[in-house]
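Topology and contacts: notes
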Amino acid sequence: MIRFFLNIFGFLFSWLAIGSLMGIGALIVIFYYYGRDLPDHEQLARYEPPTLSRIYSGEGLLMDEFARERRIFTPIDEIPDLVKQAFISAEDKNFYDHLGFDPRGIASAVVEASRGGRLRGASTITQQVMKNFLLSGDRSGERKIKEIILATRLEATLEKDQILELYLNEIFLGQNSYGVTAAAQEYFAKSLEELTLSEVAYLAALPKAPSSLHPVREKEDAIARRNYVISEMRQNGYVTAEQAEQARNDDLLTVQSGAFPSARSKMPPRDYFTDEIRRQLSADFGDDMLFTGGLSVRATVDPTLQDAAARALREGLEKYDRGTRIYRGPFTTIDAEQLDAEDEIGWRRALSAKRVPRDIDGWHAAVVLEIGESSVRIGIEDVVEDEDGHYLPFSDVNWARLRDDNGRLREASSPDDMFDIGDVIFVREITEDGEFSRWSYRQIPGIQGGFVAMDTQTGRVLAMQGGFSYQSSVFNRATQAQRQPGSSFKPFVYAAALDNGYSPSTIVVDAPIEVATAQGVWRPQNASERFYGPAPIRTGLEQSRNLMTIRIAQDVGMDTVAEYAERFGVYENMPDLISYSLGAGETTLYKMVSAYAMFANGGLRVEPTLVDRVQDRFGRTIFRHDHRECIDCQAPYLSAAVEPEVRPNAERIMDEITAYQITSMLRGAVSRGTSASTVGPLQLNLAGKTGTTNDSKDVWFVGYSPRIAAGCYMGYDNPTPLGASAFGGTLCAPVFADFIKTAMADEGPADWPTPSGGYFIKISRTTGQRLPDSASGPDVQSEYIKDGQHTVVGGYGQTVDGGWRMGADVPLYDGVSNAAVERVQVEGETRVLPSNPSLGSISSGGLY
């Protein structure tokens, strides 16, 4: 009997051994088969997760973020232990003990599936890392085998904390947040260190099903799963019973439920400045680097000046738009059947769902709820409802005219003539003596514009506004709009002349011109449609004389003018067309302000930038704009250091004296010229030039101090005449003036150092006649002349005619004697020549 049982035992043992060997062999075959051609797990040791990039102001304030997946990488040693313990308890309590997979968990999942249940995960954190990084998300036995194989390999390659770091930074936790740091901000607007136990447990509950555990829509399920995680943490000894009980009783309060302001609400709304940074960095580094590289970008913006620029441009655009007296209709509408004036929750929900600009300081979106005889009742977003409601009086709106079916403008007769229930409009609060007075109607202007302010020494863009409102139009008119600069281009013509034989006292004749073109004869005129006779070129620039400018350009040569324009970056390949001397070519405000900055700094090249520095995810600087050498900046102790010296290394593109002379003329343009009534009264000794194109379709002003260059442009996006009273001096110069008052607050008049290599003379501003050094008076102009640049003969400067045809009756500039010139026939042309040969030479050009 004993032998029989021994035989039976031996038989069973033999078959068991054979079965075990066969099972082991089968596992070896399976693992060998599925282990071939698997992804390289060792790449995870070099893995850099896609991380959002952030833009900071010069003061270190967060301005904007750019990301495809909202992830903020956090090293494992900076993640609080409580966060690690919560995720380990929820997902893999034996994480620090297993070799990459949990056999008991897998067996349980297989048994459940064999009974007809769903094949569930039972994946360890290591397996989840492999699934998230290297495998697909499908639920299949094949993927599970590959997952186990890769998990065991990864465990042999990386430390446990390295694997946990990958997991906690990669896991998707809903609301477009990847990783625990981004999720903490998205749900609770907190850093990881600020999270409570119940908040940490909620985040740890999310990997299972983030879309099914929304903190508002599925709050009950979310709290149940959160409390399960808390219980697991208590069971694993990570928290005490008292801590667990208190956390389970906590309500689930999140950003989504309105309990906290979102982390993004702490940032200013996206604007033209940060969007232009995005555009430029995408071009320089590529979209992948910007949106996934975890860059830290230090912007050049000055928040105070940016606010001043936006406010000044908006006020200028709105002032012009109100002057047109045109009602442009509601911004959008809400179905009137969905509105009930007494249902505040309903109309607020409907209004908040509308995409309207919410980045205009002081403006509120509002919806028309009721229409009365003398006012309309409105519901105002983000404003507490009065007991009787808010009302917009018709007397505040009746300035606007309506267009009839034929396009003709007519006066509005009553509120219901202008508004319908459901109209979404804008209002702002009007106060008197600090007390609320009324609500006032506002509308997005039809006209648009741009503004740029720049540091003249470094090219750092201090402020940029690309339109009235970024949220109403993302097109950046400061950098993207190609428009004609008009007379604001003229300084480059005069700069070319000053470097090619002219001086500020050179006399140029202002008289009629005929230019032969392929389209026929072009007869340009001054804006006043008058002719002023001979005058110094200073007068030509100060008073923006078109005919004098054309004569200078023809005499110097349009090829030379084009070379100067390209050297200053106004154009890339300017054609040699005479009309370009009056600003007929198209360029951007960004380029024009940059070019003027080179006048301001004495003729040194400026490379404009919106970014001071870019660092990668590891803190390494990969871009720095300022490459100037700083002497004695590396001393170990400040007290032991010699005063640091920053040496400029910019290329000189213009003679320093030429830059000084242009600045002197443009200071005259501000004090006596086309912006004398707007910028001149500031008495800040600024330089600047207006620009107005044909039919006033584009108006400009660009001005500068030694430290800041700034410019404004206005016009319709579809070029349309702005009206007979629209000029750069009336529309854009006031915007510049409003801005510069903030930029130069508490500063006195600008001081312009005189460069060496020249001498001063005094001339008559009207005639150009040389005056004694002791002369004084409103007609006396002190001019700085380069050594060897100018020789005065007979009391006058050089006279330039340019060889143009002139009319028979030329009104002379006031103060110029008719005896000073005479008209002669030269080869069929009438030319104005000095009646006294001692007055100087005539530089003759030819018809273009």
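Bear in mind the structure is a predicted one, so any value in this text is a computation, not a measurement.

A word on the overall build of the protein chain. Helices and strands together make up the secondary structure of the protein chain, namely 22 helices and 32 strands. For the protein chain, the proportion of its 848 residues judged to be buried stands at 50%.

What follows concerns helix α19 (residues 558-567). Burial in α19 covers these residues: M558, V561, A562, Y564 and A565. The arc that holds every buried residue of α19, seen down its axis, measures 160°, which confines them to one face. Next to the buried residues of α19 lie α16 (490-498) and α18 (546-556). After α19 finishes, the residue G569 shows a positive phi value of roughly 80°.

Take the side chain of E186 next. Turning to its location among the elements, E186 is positioned in helix α7 (residues 180-188). When sequence neighbours within four positions are dropped, the list of residues in contact with E186 reads R70, Q175, S177, V255, Q256 and R264.

The next subject is unusual backbone geometry. Backbone geometry places N176, a non-glycine residue, at a positive phi of 55°. Mapped onto the secondary structure, N176 falls in the loop between α6 (160-170) and β4 (177-178). You will see that N685, though not glycine, has its phi angle at about 55°, which is positive. Within the secondary structure, N685 is located in the loop between α21 (656-672) and β24 (687-692). Judged by its relative accessible area of 29%, N685 falls in the partly exposed class.

Going through the model one piece at a time under the given rule, you end up with 31 aromatic pairs. Taken together, the aromatic side chains of F489, F492, F568, Y571, Y580, Y596, F599, Y704 and W752 make up a single cluster linked through ring pairs. In this arrangement the basic side chain of K160 is found over the ring face of F95, its NZ or CZ atom lying 4.6 Å from the centre. When the ring centre of Y564 is taken as origin, the NZ or CZ atom of R567, which lies over that ring, is 4.3 Å away.

A few words on the sheet that holds strand β14 (residues 448-455). Taken in spatial order, the 5 strands line up as β15-β14-β26-β25-β24 in an open sheet, and their pairing is antiparallel. Every other strand in the sheet has two partners, leaving β15 (461-465) and β24 as the edge strands with one partner each. Neighbouring strand axes in the sheet, compared pairwise and without regard to direction, differ in orientation by 5° on average. In the sheet, β14 pairs with strand β26 (residues 708-715) via 8 bridges, with the strands oriented antiparallel. In the sheet register, D455 faces β26, and the bridge partner there is I708. Running over the sheet, helix α20 (residues 589-600) touches β14, β15, β24, β25 (699-704) and β26 and is turned about 30° from β14. Along the sheet face, α21 touches β24 and β25 and points at about 65° away from the line of β24.

A word on the sheet that holds strand β28 (residues 770-771). Taken in spatial order, the 3 strands make up an open sheet running β28-β27-β29, and their pairing is antiparallel. One side of each edge strand has no neighbouring strand; the edge strands of this open sheet are β28 and β29 (780-786). With respect to the sheet, α21 is in contact with β27 (758-764) and β29, its orientation differing from that of β29 by roughly 165°.

Attention now moves to the confidence of the model for the protein chain. Summary statistics for the protein chain give a mean pLDDT of 84 and a share of 81% for residues scoring 70 or more. This stretch, residues 31-36, has a pLDDT under 50; its non-local contacts, to residues over four places away or in other chains, come to 9 contacts.

If you walk through the whole model with that rule in mind, you get 1 disulfide. In this model, C712 is linked to C732 through a disulfide, with the two sulfur atoms separated by 2.4 Å. Linking C712 and C732, the disulfide has an S-S dihedral of approximately -65° and is accordingly described as left-handed. Placement of C712 in strand β26 and of C732 in helix α22 (residues 728-743) is noted, with a sequence separation of 20 residues between them.

Let us now look at the pattern of salt bridges. Close approach of charged atoms allows side chains with opposite charge to pair. In total, this model carries 40 salt bridges according to the counting rule given. With a shortest N-O distance of 3.9 Å, K786 and D655 are connected by a salt bridge. Here K786, found in strand β29, pairs with D655, found in the loop between β23 (645-647) and α21; they are 131 residues apart in sequence, far enough to count as distant. Judged by relative accessible area, which is 13%, K786 ranks as buried. Here D655 falls in the partly exposed class, since its relative accessible area comes to 35%.

Working note: regular strand, side chains alternate between the two faces of the sheet. Only one face of strand β5 (residues 296-299) is covered, namely the face carrying V297 and A299; the face carrying S296 and R298 is uncovered. Both strand β1 (residues 53-56) and β5 contribute to a ladder of 3 bridges, which runs parallel. Paired with Y56 across the bridge in β5 is R298. The pairing of β5 with strand β20 (residues 611-615) spans 4 bridges and is antiparallel. Opposite A299, over in β20, you have V611 as the bridge partner.

What counts and how
- Residues take numbers from 1 onward in each chain, read along the sequence in its written order.
- For this predicted model, a pLDDT threshold of at least 70 governs which residues receive local features, and a threshold of 80 or more governs which side-chain atom pairs are given and counted, while totals over whole chains, interfaces and linings are taken from all residues.
- Remark: hydrogens and water are excluded; side-chain values derive from all non-hydrogen atoms of the structure.
- Under the DSSP-based scheme used, a helix requires at least four consecutive residues in state H or I and a strand at least two consecutive residues in state E, with every element numbered from the N terminus.
- Relative accessibility under 20% of the residue-type maximum defines a buried residue, over 50% an exposed one, and the middle range a partly exposed one, all with a 1.4 Å probe and only protein chains included.
- The directions from the helix axis to the C-beta atoms are what the arc is built from.
- Here a residue-residue contact requires only that any non-hydrogen atoms of the pair lie within 4.5 Å.
- For Phe, Tyr and Trp, rings pair up if their centres lie within 6.5 Å, where Trp contributes its six-membered ring, and each pair is then called stacked (planes under 30 degrees apart), edge-to-face (over 60) or tilted (otherwise).
- For a ring to carry a charge above it, either NZ of a lysine or CZ of an arginine must fall within 6 Å of the ring centroid while also lying within 35 degrees of the normal to the ring plane.
- DSSP-based pairing: two strands are paired if at least 2 bridges between them are found.
- To get an axis, a line is fitted to the C-alpha atoms, and for a helix only the part in contact is used. The angle between two axes follows their N-to-C directions and goes from 0 to 180 degrees.
- pLDDT expresses, on a scale from 0 to 100, how confident the predictor is about each individual residue.
- Note that a disulfide, as used here, is simply two cysteine sulfur atoms within 2.5 Å.
- For this analysis, a salt bridge means a side-chain nitrogen from Lys or Arg found within 4 Å of a carboxyl oxygen belonging to Asp or Glu.

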